[in-house]
Amino acid sequence: MKNWQEIESKYYMHTFSRIPVCLVRGKGVRVWDDTGKEYLDLFGGLAVDSIGHSNPALTDAICEQAKTLIQVSNLYYTIPQLELAELLVTNSCLNKVFFANSGAEANEGAVKLARRYGALKLKGAYEVITAFESFHGRTLAMTAATGQKKFQKPYEPMPVGFINVAFNDIEAIKAATTEKTCAVMVEPVQGEGGVNVPAENYLKQVRQWCDQKGILLILDEVQTGMGRLGSLYGYQEFGVEPDVVTLAKGLGGGVPIGAILAKDSASVFVPGDHGSTFGGNPLVCAASLAVLKYILKNNLPANAREVGTYFMTGLRSLQKKHSCITDVRGRGLLIAMQFNSDMAGDVLKACMERGLLVNAVKPNALRFIPPLIIGKREIDEALAILDEAVAASSKM
Ligand SMILES: *Cc1c(COP(=O)(O)O)cnc(C)c1O
(Lines give C-alpha, C1' and ligand atoms only; values in the text may rest on other atoms or scores of the structure.)
Protein backbone atom coordinates (compact mmCIF):
# COMPACT_ATOMS: atom_id res chain seq x y z
CA MET A 1 0.00 0.00 0.00
CA LYS A 2 1.30 3.47 -0.88
CA ASN A 3 2.05 5.99 1.84
CA TRP A 4 -0.41 8.66 0.81
CA GLN A 5 0.51 10.96 3.70
CA GLU A 6 4.08 11.08 2.46
CA ILE A 7 2.99 11.75 -1.13
CA GLU A 8 0.71 14.54 0.07
CA SER A 9 3.42 16.27 2.07
CA LYS A 10 5.75 16.07 -0.92
CA TYR A 11 3.37 17.24 -3.67
CA TYR A 12 0.37 19.06 -2.20
CA MET A 13 0.45 22.62 -0.89
CA HIS A 14 0.24 22.46 2.84
CA THR A 15 -3.15 24.17 3.23
CA PHE A 16 -5.06 21.47 5.12
CA SER A 17 -4.46 19.90 8.53
CA ARG A 18 -5.76 16.55 7.38
CA ILE A 19 -7.06 13.73 9.51
CA PRO A 20 -4.61 10.84 8.91
CA VAL A 21 -7.00 8.59 6.99
CA CYS A 22 -7.31 8.02 3.24
CA LEU A 23 -10.93 7.42 2.21
CA VAL A 24 -11.48 5.37 -0.92
CA ARG A 25 -15.17 4.41 -1.14
CA GLY A 26 -18.62 5.39 0.12
CA LYS A 27 -22.16 3.98 0.14
CA GLY A 28 -25.15 5.68 1.74
CA VAL A 29 -24.06 7.08 5.11
CA ARG A 30 -20.89 4.96 5.27
CA VAL A 31 -17.35 5.33 3.93
CA TRP A 32 -14.31 3.05 3.89
CA ASP A 33 -10.60 3.83 4.13
CA ASP A 34 -7.69 2.22 2.25
CA THR A 35 -7.27 -0.41 4.98
CA GLY A 36 -10.90 -1.48 4.57
CA LYS A 37 -12.07 0.08 7.83
CA GLU A 38 -15.71 1.24 7.81
CA TYR A 39 -16.97 4.55 9.21
CA LEU A 40 -20.42 6.00 9.82
CA ASP A 41 -20.20 9.42 8.19
CA LEU A 42 -21.63 12.36 10.16
CA PHE A 43 -19.51 14.78 8.13
CA GLY A 44 -20.95 14.07 4.68
CA GLY A 45 -18.10 15.65 2.71
CA LEU A 46 -18.62 18.90 4.64
CA ALA A 47 -22.42 19.07 4.39
CA VAL A 48 -22.23 18.24 0.68
CA ASP A 49 -23.26 14.58 0.31
CA SER A 50 -26.93 15.42 0.84
CA ILE A 51 -28.36 12.20 -0.62
CA GLY A 52 -25.54 9.95 0.62
CA HIS A 53 -22.53 8.39 -1.04
CA SER A 54 -22.87 6.59 -4.39
CA ASN A 55 -26.62 7.11 -4.54
CA PRO A 56 -27.71 5.53 -7.86
CA ALA A 57 -30.06 8.48 -8.46
CA LEU A 58 -26.97 10.68 -8.67
CA THR A 59 -24.40 8.30 -10.16
CA ASP A 60 -26.77 7.21 -12.96
CA ALA A 61 -27.52 10.84 -13.84
CA ILE A 62 -23.79 11.65 -13.95
CA CYS A 63 -22.98 8.62 -16.12
CA GLU A 64 -25.85 9.25 -18.54
CA GLN A 65 -25.04 12.94 -18.92
CA ALA A 66 -21.30 12.27 -19.26
CA LYS A 67 -22.11 10.04 -22.23
CA THR A 68 -24.40 12.70 -23.74
CA LEU A 69 -22.94 16.21 -23.30
CA ILE A 70 -20.58 17.59 -20.66
CA GLN A 71 -19.67 21.15 -21.61
CA VAL A 72 -20.51 23.56 -24.40
CA SER A 73 -20.34 26.91 -22.49
CA ASN A 74 -23.06 29.40 -21.69
CA LEU A 75 -23.05 30.75 -25.22
CA TYR A 76 -25.69 28.09 -25.92
CA TYR A 77 -28.91 26.88 -24.32
CA THR A 78 -28.57 23.54 -22.54
CA ILE A 79 -31.42 21.49 -21.15
CA PRO A 80 -30.21 20.25 -17.72
CA GLN A 81 -29.34 23.84 -16.72
CA LEU A 82 -32.79 25.14 -17.61
CA GLU A 83 -34.61 22.20 -15.99
CA LEU A 84 -32.63 22.75 -12.80
CA ALA A 85 -33.26 26.52 -12.86
CA GLU A 86 -36.99 25.93 -13.23
CA LEU A 87 -37.18 23.38 -10.41
CA LEU A 88 -35.13 25.53 -8.00
CA VAL A 89 -37.22 28.61 -8.70
CA THR A 90 -40.63 26.96 -8.59
CA ASN A 91 -39.82 25.54 -5.15
CA SER A 92 -38.68 28.92 -3.79
CA CYS A 93 -39.77 32.55 -3.31
CA LEU A 94 -37.12 33.63 -5.82
CA ASN A 95 -37.49 34.20 -9.56
CA LYS A 96 -34.14 33.91 -11.33
CA VAL A 97 -31.00 31.78 -11.10
CA PHE A 98 -27.34 32.04 -12.02
CA PHE A 99 -25.08 28.99 -11.70
CA ALA A 100 -21.52 29.19 -10.35
CA ASN A 101 -19.03 26.49 -9.34
CA SER A 102 -18.71 26.90 -5.59
CA GLY A 103 -20.10 28.65 -2.55
CA ALA A 104 -17.50 31.40 -2.56
CA GLU A 105 -18.17 32.07 -6.21
CA ALA A 106 -21.93 32.18 -5.71
CA ASN A 107 -21.47 34.69 -2.87
CA GLU A 108 -19.03 36.73 -4.92
CA GLY A 109 -21.67 36.91 -7.67
CA ALA A 110 -24.37 37.85 -5.16
CA VAL A 111 -22.23 40.75 -3.93
CA LYS A 112 -21.61 41.86 -7.52
CA LEU A 113 -25.38 41.75 -8.05
CA ALA A 114 -25.90 43.87 -4.92
CA ARG A 115 -23.32 46.38 -6.15
CA ARG A 116 -25.10 46.64 -9.51
CA TYR A 117 -28.34 47.14 -7.58
CA GLY A 118 -26.66 49.86 -5.52
CA ALA A 119 -25.29 51.54 -8.61
CA LEU A 120 -28.64 51.52 -10.37
CA LYS A 121 -31.11 52.09 -7.53
CA LEU A 122 -29.25 53.37 -4.46
CA LYS A 123 -27.12 56.23 -5.81
CA GLY A 124 -23.97 54.16 -6.02
CA ALA A 125 -24.21 52.42 -2.63
CA TYR A 126 -21.78 49.51 -2.55
CA GLU A 127 -21.15 48.43 1.03
CA VAL A 128 -22.34 45.03 2.27
CA ILE A 129 -22.87 44.44 5.97
CA THR A 130 -21.89 40.92 7.13
CA ALA A 131 -21.53 39.23 10.52
CA PHE A 132 -18.67 38.30 12.79
CA GLU A 133 -18.13 34.51 12.96
CA SER A 134 -19.65 34.22 9.48
CA PHE A 135 -18.13 32.22 6.66
CA HIS A 136 -18.66 33.20 3.04
CA GLY A 137 -15.73 31.55 1.26
CA ARG A 138 -12.05 31.87 0.41
CA THR A 139 -11.83 34.30 -2.50
CA LEU A 140 -10.25 37.63 -1.59
CA ALA A 141 -13.56 39.50 -1.49
CA MET A 142 -15.31 36.73 0.45
CA THR A 143 -12.42 36.73 2.93
CA ALA A 144 -13.29 40.38 3.57
CA ALA A 145 -16.98 39.44 3.84
CA THR A 146 -16.14 36.64 6.28
CA GLY A 147 -16.11 38.28 9.70
CA GLN A 148 -13.19 36.30 11.11
CA LYS A 149 -9.84 38.05 11.56
CA LYS A 150 -7.85 34.80 11.23
CA PHE A 151 -8.90 34.45 7.58
CA GLN A 152 -8.27 38.12 6.80
CA LYS A 153 -4.98 38.88 8.54
CA PRO A 154 -2.64 36.90 6.20
CA TYR A 155 -4.03 38.67 3.12
CA GLU A 156 -4.32 42.29 4.15
CA PRO A 157 -5.08 44.78 2.78
CA MET A 158 -8.65 43.53 2.40
CA PRO A 159 -10.88 44.58 -0.52
CA VAL A 160 -13.09 47.47 0.57
CA GLY A 161 -16.86 47.50 0.93
CA PHE A 162 -17.50 44.97 3.70
CA ILE A 163 -18.58 45.96 7.20
CA ASN A 164 -18.44 43.12 9.77
CA VAL A 165 -20.82 43.48 12.72
CA ALA A 166 -22.08 41.27 15.57
CA PHE A 167 -24.37 38.38 14.53
CA ASN A 168 -27.84 38.07 16.03
CA ASP A 169 -27.88 41.78 16.86
CA ILE A 170 -30.23 43.94 14.80
CA GLU A 171 -28.95 47.11 16.46
CA ALA A 172 -25.44 46.40 15.18
CA ILE A 173 -26.80 46.24 11.62
CA LYS A 174 -28.78 49.43 12.10
CA ALA A 175 -25.73 51.25 13.48
CA ALA A 176 -23.58 50.13 10.53
CA THR A 177 -26.11 51.13 7.85
CA THR A 178 -25.27 54.31 5.94
CA GLU A 179 -26.18 55.79 2.55
CA LYS A 180 -23.33 53.63 1.19
CA THR A 181 -25.02 50.34 2.23
CA CYS A 182 -26.51 48.25 -0.59
CA ALA A 183 -27.09 44.94 1.22
CA VAL A 184 -26.94 42.84 4.36
CA MET A 185 -25.55 39.32 3.89
CA VAL A 186 -25.89 36.70 6.64
CA GLU A 187 -26.25 32.95 7.06
CA PRO A 188 -29.63 31.89 8.53
CA VAL A 189 -27.62 29.70 10.93
CA GLN A 190 -23.85 30.23 11.00
CA GLY A 191 -22.13 26.97 10.06
CA GLU A 192 -18.34 27.29 10.09
CA GLY A 193 -18.62 29.84 12.89
CA GLY A 194 -19.69 27.05 15.24
CA VAL A 195 -23.40 26.42 14.43
CA ASN A 196 -24.76 29.69 15.81
CA VAL A 197 -28.57 29.75 15.74
CA PRO A 198 -29.93 33.31 15.96
CA ALA A 199 -32.94 34.37 18.02
CA GLU A 200 -36.23 33.35 16.38
CA ASN A 201 -37.09 36.93 15.28
CA TYR A 202 -33.59 38.05 14.18
CA LEU A 203 -34.01 37.42 10.45
CA LYS A 204 -37.48 39.02 10.54
CA GLN A 205 -35.94 42.13 12.10
CA VAL A 206 -33.19 42.18 9.48
CA ARG A 207 -35.82 41.79 6.75
CA GLN A 208 -37.84 44.72 8.15
CA TRP A 209 -34.74 46.90 8.38
CA CYS A 210 -33.71 46.10 4.79
CA ASP A 211 -37.25 46.93 3.61
CA GLN A 212 -37.21 50.19 5.53
CA LYS A 213 -33.87 51.22 4.00
CA GLY A 214 -34.56 49.78 0.52
CA ILE A 215 -31.43 47.61 0.69
CA LEU A 216 -31.09 43.94 -0.28
CA LEU A 217 -31.19 40.99 2.09
CA ILE A 218 -28.79 38.29 0.87
CA LEU A 219 -28.97 34.95 2.68
CA ASP A 220 -25.89 32.76 2.32
CA GLU A 221 -27.54 29.33 2.28
CA VAL A 222 -24.48 27.51 0.99
CA GLN A 223 -24.62 25.29 4.09
CA THR A 224 -28.24 25.70 5.27
CA GLY A 225 -29.92 25.25 1.89
CA MET A 226 -31.23 22.10 0.20
CA GLY A 227 -33.05 20.72 3.21
CA ARG A 228 -30.42 20.77 5.93
CA LEU A 229 -32.41 22.86 8.45
CA GLY A 230 -35.68 20.99 7.92
CA SER A 231 -37.04 23.02 5.00
CA LEU A 232 -35.75 23.01 1.41
CA TYR A 233 -34.48 26.56 1.95
CA GLY A 234 -33.34 27.70 5.38
CA TYR A 235 -35.23 31.00 5.11
CA GLN A 236 -38.49 29.03 5.26
CA GLU A 237 -37.62 28.08 8.84
CA PHE A 238 -37.57 31.73 9.88
CA GLY A 239 -40.61 33.12 8.04
CA VAL A 240 -38.75 35.61 5.84
CA GLU A 241 -38.30 36.07 2.11
CA PRO A 242 -34.79 37.16 1.13
CA ASP A 243 -34.05 39.15 -2.04
CA VAL A 244 -31.09 36.94 -2.88
CA VAL A 245 -30.09 33.42 -1.81
CA THR A 246 -26.85 31.58 -2.51
CA LEU A 247 -26.51 27.80 -2.59
CA ALA A 248 -23.67 25.33 -3.13
CA LYS A 249 -22.64 22.49 -0.79
CA GLY A 250 -25.70 20.18 -0.76
CA LEU A 251 -26.96 21.41 -4.13
CA GLY A 252 -24.88 19.02 -6.23
CA GLY A 253 -24.72 16.14 -3.76
CA GLY A 254 -20.95 16.08 -4.40
CA VAL A 255 -20.44 17.65 -7.81
CA PRO A 256 -19.13 21.23 -7.69
CA ILE A 257 -21.98 23.64 -8.32
CA GLY A 258 -23.13 26.89 -6.74
CA ALA A 259 -26.13 29.09 -7.43
CA ILE A 260 -27.39 32.61 -6.94
CA LEU A 261 -31.17 32.94 -6.76
CA ALA A 262 -32.79 36.38 -6.77
CA LYS A 263 -36.19 38.02 -6.81
CA ASP A 264 -37.10 39.71 -10.10
CA SER A 265 -36.78 43.06 -8.31
CA ALA A 266 -33.12 42.31 -7.55
CA SER A 267 -32.20 40.56 -10.83
CA VAL A 268 -30.44 43.57 -12.34
CA PHE A 269 -27.66 41.85 -14.29
CA VAL A 270 -27.67 42.51 -18.04
CA PRO A 271 -25.61 40.64 -20.66
CA GLY A 272 -21.91 41.08 -19.98
CA ASP A 273 -22.27 41.92 -16.27
CA HIS A 274 -21.37 38.46 -15.00
CA GLY A 275 -20.39 35.06 -16.39
CA SER A 276 -18.70 31.71 -15.94
CA THR A 277 -17.03 29.21 -18.26
CA PHE A 278 -18.08 26.08 -16.38
CA GLY A 279 -20.97 27.45 -14.33
CA GLY A 280 -24.15 25.48 -14.89
CA ASN A 281 -22.71 23.07 -17.44
CA PRO A 282 -24.80 20.06 -18.49
CA LEU A 283 -22.85 17.55 -16.36
CA VAL A 284 -23.17 19.29 -12.99
CA CYS A 285 -26.72 20.44 -13.69
CA ALA A 286 -27.92 16.95 -14.63
CA ALA A 287 -26.35 15.72 -11.38
CA SER A 288 -27.84 18.53 -9.32
CA LEU A 289 -31.25 18.07 -10.95
CA ALA A 290 -31.20 14.39 -9.94
CA VAL A 291 -30.23 15.40 -6.39
CA LEU A 292 -32.99 18.01 -6.12
CA LYS A 293 -35.61 15.59 -7.48
CA TYR A 294 -34.47 12.96 -4.98
CA ILE A 295 -34.63 15.46 -2.10
CA LEU A 296 -38.16 16.51 -3.08
CA LYS A 297 -39.47 13.03 -3.85
CA ASN A 298 -38.22 11.57 -0.57
CA ASN A 299 -39.01 14.69 1.45
CA LEU A 300 -35.50 14.81 2.88
CA PRO A 301 -36.11 18.21 4.55
CA ALA A 302 -38.77 16.51 6.72
CA ASN A 303 -36.33 13.69 7.47
CA ALA A 304 -33.66 16.25 8.43
CA ARG A 305 -36.14 17.86 10.81
CA GLU A 306 -37.30 14.60 12.40
CA VAL A 307 -33.95 12.85 12.64
CA GLY A 308 -32.27 16.12 13.66
CA THR A 309 -34.69 16.55 16.56
CA TYR A 310 -34.13 12.93 17.58
CA PHE A 311 -30.36 13.44 17.44
CA MET A 312 -30.51 16.65 19.52
CA THR A 313 -32.60 14.85 22.15
CA GLY A 314 -30.00 12.07 22.30
CA LEU A 315 -27.15 14.57 22.52
CA ARG A 316 -28.92 16.37 25.37
CA SER A 317 -29.09 13.07 27.25
CA LEU A 318 -25.32 12.77 26.78
CA GLN A 319 -24.99 16.31 28.11
CA LYS A 320 -26.80 15.27 31.32
CA LYS A 321 -24.40 12.34 31.68
CA HIS A 322 -21.10 14.08 30.86
CA SER A 323 -20.42 17.34 32.69
CA CYS A 324 -17.78 18.31 30.08
CA ILE A 325 -20.60 18.85 27.52
CA THR A 326 -21.80 22.41 28.05
CA ASP A 327 -24.16 22.98 25.12
CA VAL A 328 -26.05 21.22 22.32
CA ARG A 329 -27.43 23.48 19.61
CA GLY A 330 -28.58 23.46 16.01
CA ARG A 331 -31.46 23.09 13.63
CA GLY A 332 -32.37 20.09 11.49
CA LEU A 333 -29.18 18.22 10.64
CA LEU A 334 -26.81 21.10 11.39
CA ILE A 335 -25.88 20.42 15.00
CA ALA A 336 -23.02 21.24 17.38
CA MET A 337 -21.98 19.89 20.75
CA GLN A 338 -19.82 22.14 22.91
CA PHE A 339 -17.29 21.18 25.62
CA ASN A 340 -15.94 23.06 28.60
CA SER A 341 -12.38 22.72 27.25
CA ASP A 342 -10.53 22.27 23.96
CA MET A 343 -11.20 18.53 23.80
CA ALA A 344 -12.99 18.32 20.42
CA GLY A 345 -9.85 16.98 18.73
CA ASP A 346 -9.53 14.18 21.28
CA VAL A 347 -13.20 13.22 20.97
CA LEU A 348 -12.89 13.26 17.18
CA LYS A 349 -9.93 10.88 17.40
CA ALA A 350 -11.76 8.58 19.79
CA CYS A 351 -14.74 8.58 17.38
CA MET A 352 -12.49 7.73 14.41
CA GLU A 353 -11.04 4.77 16.28
CA ARG A 354 -14.60 3.55 16.85
CA GLY A 355 -15.66 4.06 13.22
CA LEU A 356 -17.42 7.43 13.30
CA LEU A 357 -16.59 10.55 11.29
CA VAL A 358 -17.40 13.89 12.94
CA ASN A 359 -16.06 17.44 12.56
CA ALA A 360 -14.26 19.60 15.10
CA VAL A 361 -15.76 22.93 14.05
CA LYS A 362 -13.97 24.65 16.97
CA PRO A 363 -11.29 23.39 19.36
CA ASN A 364 -14.08 23.03 21.93
CA ALA A 365 -17.00 21.98 19.70
CA LEU A 366 -17.99 19.14 17.38
CA ARG A 367 -20.31 19.65 14.43
CA PHE A 368 -22.59 17.02 12.88
CA ILE A 369 -23.64 17.49 9.24
CA PRO A 370 -24.56 14.02 7.96
CA PRO A 371 -26.23 13.12 4.67
CA LEU A 372 -29.95 14.02 4.90
CA ILE A 373 -30.92 10.37 4.26
CA ILE A 374 -29.64 9.30 7.68
CA GLY A 375 -32.09 7.36 9.89
CA LYS A 376 -32.68 7.02 13.62
CA ARG A 377 -30.91 3.66 13.80
CA GLU A 378 -27.68 5.20 12.56
CA ILE A 379 -28.14 8.07 15.01
CA ASP A 380 -28.43 5.53 17.85
CA GLU A 381 -25.20 3.96 16.64
CA ALA A 382 -23.50 7.40 16.54
CA LEU A 383 -24.78 8.33 20.02
CA ALA A 384 -23.38 5.12 21.51
CA ILE A 385 -19.96 5.84 19.99
CA LEU A 386 -20.07 9.50 21.08
CA ASP A 387 -20.94 8.42 24.62
CA GLU A 388 -17.85 6.21 24.76
CA ALA A 389 -15.61 8.71 22.96
CA VAL A 390 -16.54 11.58 25.29
CA ALA A 391 -15.99 9.35 28.35
CA ALA A 392 -12.58 8.24 27.02
CA SER A 393 -11.52 11.81 26.18
CA SER A 394 -12.66 13.51 29.39
CA LYS A 395 -10.49 11.07 31.38
CA MET A 396 -7.38 12.07 29.44
C1 LIG B 1 -18.75 26.37 2.76
C2 LIG B 1 -19.38 27.70 2.76
C3 LIG B 1 -19.02 28.68 1.82
C4 LIG B 1 -17.90 28.48 0.82
O5 LIG B 1 -18.18 27.48 -0.10
P6 LIG B 1 -17.01 26.93 -1.07
O7 LIG B 1 -17.73 26.00 -1.98
O8 LIG B 1 -16.00 26.26 -0.20
O9 LIG B 1 -16.45 28.10 -1.76
C10 LIG B 1 -19.71 29.87 1.82
N11 LIG B 1 -20.70 30.10 2.71
C12 LIG B 1 -21.06 29.19 3.63
C13 LIG B 1 -22.19 29.51 4.55
C14 LIG B 1 -20.41 27.97 3.69
O15 LIG B 1 -20.76 27.07 4.62
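Just so it is clear, the model here is predicted, and its values are computed rather than measured.

J.: Hey, could you run me through the overall build of the protein in this one?
T.: Each helix and strand in the protein was counted, giving 13 helices and 15 strands. The C-alpha radius of gyration computed for the protein amounts to 21 Å, which stays within 12% of the reference 21 Å derived for 396 residues, consistent with globular compactness. Seen through its principal axes, the protein has C-alpha atoms that stretch 60 × 55 × 45 Å. In the protein, which comprises 396 residues, the share counted as buried stands at 54%. Within the protein, residue pairs in contact and separated by at least 24 positions form 71% of the contacts whose partners lie at least 6 positions apart. Total accessible area computed for the protein in this model is approximately 17,800 Å², and 54% of it derives from carbon and sulfur atoms. Here the protein carries 41 positive and 40 negative side-chain charges, and the mean point of each set is 1 Å from the other.

J.: Where do I start with the pairing of strand β12 (residues 334–339) in this structure?
T.: Moving residue by residue along a regular strand, the side chains alternate between the two faces of the sheet. Within β12, 5 of the 6 residues are buried, which leaves it mostly tucked inside the rest of the structure. As paired strands, strand β11 (residues 325–331) and β12 are joined by 6 bridges and run antiparallel to one another. Bridge pairing in β12 places D327 opposite Q338. Hairpin geometry of β11 and β12 is characterised by an intervening segment of 2 residues between the two adjacent antiparallel strands and by a positive phi of about 60° at G332. Where β12 lies against strand β15 (residues 365–368), 4 bridges are found, and the strand directions are antiparallel. By the bridge assignment, A336 is partnered in β15 with R367.

J.: Just to check I follow, could you spell out empty space enclosed by the protein for this structure?
T.: Take a probe with the size of a water molecule and roll it over the atoms, and the empty space left behind shows itself. Inspection of every chain in the model, using the stated rule, returns 1 cavity of 30 Å³ or more. Lining the largest cavity are Q71, V72, S73, N74, T78, Q81, T277, F278, G279, G280, N281 and P282.

J.: Looking at this model, I keep getting lost on the sheet that holds β15. Mind explaining?
T.: Strand pairing in a sheet relies on backbone hydrogen bonds. The paired strands run either parallel or antiparallel. The strand order across the open sheet built from 4 strands is β11-β12-β15-β14, with neighbouring strands paired in antiparallel fashion. The two strands at the open ends of the sheet, each matched to only one other strand, are β11 and β14 (359–362). Here the strands of the sheet are splayed against their neighbours by 30° on average, with no regard to which way each runs. Running over the sheet, helix α11 (residues 300–321) touches β11, β12 and β15 and is turned about 175° from β11. In the packing of helix α13 (residues 376–394) onto the sheet, contacts are made with β11, β12 and β15, and the angle to β12 comes to roughly 25°.

J.: So what exactly am I meant to see when it comes to unusual backbone geometry here?
T.: The phi angle of most residues is negative, glycine excepted, and most peptide bonds adopt the trans form. The step from E156 to P157 runs through a cis peptide bond, and the omega angle for that step is 5°. For P157, the position within the fold is in the loop between α7 (149–152) and β6 (162–165). Of note in this structure, N299 is not a glycine but carries a positive phi near 40°. For N299, a relative accessible area of 42% corresponds to the partly exposed category.

J.: Hey, could you run me through the site of the ligand in this one?
T.: Neighbouring residues of the ligand: S102, G103, A104, N107, F135, H136, G137, E187, D220, V222, Q223 and K249. Within the contact set of the ligand, an oxygen atom lies 2.7 Å away from a backbone nitrogen or oxygen of A104. In this structure, Q223 approaches the ligand through a side-chain N or O atom, which is 2.8 Å from an oxygen atom. Bound to the protein, the ligand loses 82% of the 380 Å² it would expose on its own. Class assignment for the residues of the shell around the ligand results in 3 nonpolar, 6 polar and 3 charged.

Basis of the calculations
- Counting starts from 1 at the beginning of each chain's written sequence and moves along it residue by residue.
- A pLDDT threshold of at least 70 governs which residues receive local features in this predicted model, and a stricter bar of 80 or more applies before side-chain atom pairs are shown or counted, although totals over entire chains, interfaces and linings include all residues.
- Think of the side-chain values as coming from all heavy atoms in the structure, minus any hydrogens and water.
- Secondary structure elements follow DSSP: runs of H or I no shorter than four residues count as helices, runs of E no shorter than two count as strands, and numbering proceeds from the N terminus.
- We compute the radius of gyration over the C-alpha atoms and compare it with the globule rule, which gives 2.2 Å times the number of residues raised to the power 0.38.
- Under the scheme applied here, a residue whose accessible area is under 20% of the maximum for its type counts as buried, over 50% as exposed, and between as partly exposed, the area being computed with a 1.4 Å probe on protein chains only.
- The contact criterion used throughout is that any non-hydrogen atoms of two residues lie within 4.5 Å.
- Residue exposure ignores everything except the shown protein chains as possible cover, and the areas themselves are Shrake-Rupley values with a 1.4 Å probe.
- Neither His nor the chain ends contribute to the count of charged residues, in which Lys and Arg are positive and Asp and Glu negative.
- Charged side chains are reduced to one point each, which is NZ for Lys, CZ for Arg, CG for Asp and CD for Glu.
- Here, a strand pair is defined by DSSP locating no fewer than two bridges between the strands.
- In this analysis a 1.4 Å probe is tested at points of a 1 Å grid over the protein atoms alone, and where it fits but cannot get out there is a cavity; an open set with protein on both sides within 12 Å along at least five of seven lines is a pocket; lining residues have an atom within 4 Å of a point.
- Grid points are joined across faces, edges and corners, and a volume is the space filled by probe spheres set on the points.
- Under this scheme, a helix contributes an axis fitted over its contacting stretch, all axes are lines through C-alpha atoms, and angles between N-to-C directions fall in the 0 to 180 degree range.
- Distances are taken per atom, and a residue is near a molecule or strand as soon as one of its heavy atoms is within 4 Å of it.
- Under this definition, polar contacts are N or O atom pairs within 3.5 Å; protein pairs additionally need one hydrogen-donor-capable and one acceptor-capable atom, and for neighbouring residues in sequence, both atoms have to be side-chain atoms.
- Put simply, Ala, Val, Leu, Ile, Met, Phe, Trp, Tyr, Cys and Pro go in the nonpolar bin, Asp, Glu, Lys and Arg in the charged bin, and everything else, Gly too, in the polar bin.

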